[in-house]
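Analysis of the macromolecular model
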Amino acid sequence: MMAGMTGEETRTAMSPPIRSSAHDTELHPPATRAWLTRLVIVGIVLTALNLRPAITSLGALLEEVRDGLGMSGSFAGLLTSVPPLCFAVFGVMAPRLARRFGPAAVVCAGMVAIAAGLAIRPFAGNTAGFLVASALALMGIAVSNVLMPVIVKRWFPDRVGSMTGLYSMALALGTAAAAAVTVPMTRALGGSWHAGLAVWAGLAAVAVLPWIPLVRARGTALSRDATSTPASAHGVPSASGAGQEPSALRITRSRTAWALAVFFGLQATAAYITMGWMAQIFRDAGVPAGTAGLLLAVTMVMGVPLAFVIPRLATRLPHQGPIVVALGVCGLVGYAGLYLAPAGGAWAWALLLGIANCAFPLALTMVGMRARTGAGVAQLSAFAQSTGYLISIPGPLLVGVLYQHSGGWGLPIALMAGLMIPQIVVGILAGRDRTVEDEAARRR
């Protein structure tokens, strides 16, 4: 059986099993811990379902929101750049907040922020209020984005690939559902885009529920100082057999960390351009609004099966470069088709770009694979996502500016295709079999 395993699964199989301390056993008997583990899985899935509807629901109704609030094309581009800006600014705070309050409490608060922001923003009455309420929801998304790999690594260290796949699949499902049903649901609610956007607050409110008992469950690995306690303290072996404190790791000394951050940033650029503008590209090509929303949903829904398959495949390969190249080629072909025949081959381009967007679950998986310890995963996740989202900020804004001043989609699509080349290059570098702890130690 060992001969059929490589990479992370081989290292896990050769490592000592996870053992609960006497303190954990006293506070939480095995039956209780099993129940908490199942609750963590439910929490992860519900959280993932809520990490993109705030964005794709807006993309499906962007034209109506622009008209309703009197936005220009450039300002709409700024609006599509707000998500990565918030993810960069607030995501970097997540490890510190988690050390202070615990990851479960931070994610729970994040779900509350998403619910409040989505409920408020459609009725804010002006552009400024809409942006502020959107930022509140995106703040909740940002901290949850960063802490999901940490929670997966901490609770499921021997199933990082499969649990990341489950999380990514749920995220893709929420993304696709918001893109597909927002327009018809808006019509069913009387045609008001305000109601069509606000309804997604209910899903976020449901996601708060599983985290409440986890916050109250003191003494578990999730409630304790999960981001600063060495992984070896919970049975996860570190590079030297002993835990490494986060202060000992200088993440910026790792070339792999930088490559992963840039890869994350470029794939995020493509993803947020797609979520913010793809439906509008099809609508401008003569595709009806409802069909354009379905095309965006097809792009997003491709992540449901592939987000489960790709992480599992990635953990079995010593180098993830071939997956990076395959996804990049699909993106290049999709952009070429979107330029040459946006309406004629719309379904094919939507499928290809959906495959290309699965660079996101691949990036999340590599975050878990490129660090040995739980503390390392927390630092790498915060660094890669915050730096990556900073990199992605200009993309959606630049697309809006190019679209307004050129009067068409030729230049924006050329920009998207051009960015795919460096994404492939840095993805190959990030996919090499090494860890940030080893690289930082060598350069110390």
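Predicted model only: the values in this text are computed from it and were never measured.

**Here we look at the overall build of the protein chain**
Each helix and strand in the protein chain was counted, giving 23 helices and zero strands. Considering the protein chain as a whole, with its 444 residues, one finds that 57% of them fall into the buried category. In the protein chain, 83% of the contacts between residues at least 6 apart in sequence involve partners at least 24 apart.

**Description of helix α15 (residues 289–301)**
Over its 13 residues, α15 runs 18 Å from end to end, which matches the ideal 18 Å to within 8%, given 1.5 Å per residue. For α15, the full list of buried residues reads A292, G293, L295, L296, A297, V298, T299 and M300.

**A few points about helix α22 (residues 410–430)**
If you check α22, its first and last C-alpha atoms are 31 Å apart, about what 21 residues at 1.5 Å a residue would give, namely 30 Å. Every buried residue of α22 is listed here: P412, I413, M416, M420, Q423, I424, V426, G427 and A430. Close packing links the buried residues of α22 with α14 (255–284), α17 (321–340), α19 (359–369) and α21 (394–406).

**Concerning the state of the cysteines**
Counting across every chain of the model gives zero disulfides. Counting only cysteine sulfurs, C358 is the nearest neighbor of C330, a cysteine outside any disulfide, at a range of 9.5 Å.

**Considering the packing of α15 against helix α16 (residues 303–316)**
At a minimum axis separation of 6 Å, α15 and α16 run at an interaxial angle of 15 degrees. What the angle tells us is that α15 and α16 run roughly parallel. Contacts between α15 and α16 involve T299, M300 and V301 on the former and, on the latter, G303, V304 and P305. Of the residues in the contact of α15 with α16, the class split is four nonpolar, two polar and no charged.

**A look at the nonpolar core**
One finds I44, W211, F263 and L362 to be the most contacted residues of the largest nonpolar core, which totals 126 residues. If one sorts the elements of this core by residue count, α14 sits on top with 18 residues. Setting aside anything within four residues of it in sequence, one finds I44 in contact with M148, I151, V152, F156, M163, Y167 and W211.

**Comments concerning the packing of aromatic side chains**
Evaluated as defined, the whole model comprises seven aromatic pairs. For the ring pair F264 and F360, a centre distance of 6.0 Å and an interplane angle of 65 degrees mean the geometry is edge-to-face. One end of the pair, F264, is in helix α14; the other, F360, is in helix α19, with 96 residues separating them in the sequence. Accessibility assignment for this pair places F264 and F360 in one class, buried. A ring pair is formed by Y403 and W409, whose centres lie 4.1 Å apart and whose planes are at 15 degrees; its orientation type is stacked. For Y403, a relative accessible area of 18% translates into the label buried. Ring pairs connect the aromatic residues F87, F264, F360 and Y389, which therefore count as one cluster. Above the ring of F360, the side-chain terminus of R52 is found at 5.2 Å from the ring centroid.

**Digging into the confidence of the model for the protein chain**
Summing up the model confidence of the protein chain, the mean pLDDT is 78 and the portion of residues at 70 or higher is 83%. A low-confidence stretch, residues 1–28 (pLDDT under 50), is modelled with 38 contacts involving residues beyond four sequence positions or located in other chains.

**Thoughts on the side chain of T435**
Structurally, T435 can be placed in the loop between α22 and α23 (436–442). Looking at T435, its side chain comes within polar contact range of the side chain of D438, at 3.1 Å. Discounting chain neighbours no more than four positions away, the residues touching T435 are M369, R370, A371 and R372.

**Quick look at the packing of helix α9 (residues 127–155) against helix α20 (residues 374–392)**
Between α9 and α20, the shortest axis-to-axis distance is 9 Å and the interhelical angle comes to 160 degrees. By the angle between their directions, the pair α9 and α20 is classed as roughly antiparallel. As for how α9 packs across α20, the hand of that crossing is right-handed. Of the residues in α20, those touching α9 at N145, V146, P149, V150, K153 and R154 are G374, A375, V377, A378, S381, A382, Q385 and Y389. Its residues assigned to classes, the contact of α9 with α20 comprises eight nonpolar, four polar and two charged.

**Some details on the environment of M185**
Inspection of the secondary structure assignment puts M185 in helix α10 (residues 160–188). In this structure, the C-alpha to C-alpha distance between M185 and G196, residues 11 residues apart in sequence, is 6.2 Å. Sequence-distant contacts of M185, that is, excluding residues within four places in its chain, are made with G196, V199 and W200.

**Structural notes on a nonpolar patch on the surface**
Together, V325, V329, V333 and I428 line one region of the surface with nonpolar side chains, adding up to about 270 Å² of accessible area. No other element matches α17, which puts three residues into the nonpolar patch. For V325, the position within the fold is in helix α17.

**A word on the environment of M420**
Among the structural elements, M420 can be located in helix α22. Using a relative accessible area of 3% as the deciding quantity, one classes M420 as buried. Sequence-wise, M420 and A356 are 64 residues apart; in three dimensions their C-alpha atoms are separated by 9.6 Å. Contacts of M420, omitting those with residues within four sequence positions, involve G328, G331, L332 and Y335.

What counts and how
- Residues numbered from 1 in each chain as written.
- Predicted model: local features only at pLDDT ≥ 70, side-chain atom pairs only at ≥ 80, totals over all residues.
- Heavy atoms only, no water.
- Helix = DSSP H or I, 4+ residues; strand = E, 2+ residues; numbered from the N terminus.
- Buried < 20%, exposed > 50% of the residue type's maximum accessible area, 1.4 Å probe, protein only.
- Contact = heavy atoms within 4.5 Å.
- Expected span 1.5 Å × (residues − 1).
- Disulfide = S-S within 2.5 Å.
- Axes fitted to C-alpha atoms, helices over the stretch in contact; angles between N-to-C directions.
- Parallel < 35°, antiparallel > 145°, perpendicular 65-115°, else oblique.
- Nonpolar A, V, L, I, M, F, W, Y, C, P; charged D, E, K, R; others polar.
- Core = buried A, V, L, I, M, F, W, Y, C linked by side-chain atoms within 4.5 Å.
- Phe/Tyr/Trp six-rings, centres within 6.5 Å; stacked < 30°, edge-to-face > 60°.
- Lys NZ or Arg CZ within 6 Å of the ring centre and 35° of its normal.
- pLDDT = per-residue confidence, 0-100.
- Polar contact = N/O pair within 3.5 Å; in protein donor to acceptor, adjacent residues only side chain to side chain.
- Left-handed = near helix turned anticlockwise from the far one by under 90°.
- Patch = residues over 30% accessible without salt bridge, like charges linked within 9 Å, V, L, I, M, F, W, Y side chains within 5 Å.
- Areas by Shrake-Rupley, 256 points an atom, 1.4 Å probe, with all protein chains shown as cover.
- Salt bridge = Lys/Arg side-chain N within 4 Å of Asp/Glu carboxyl O.

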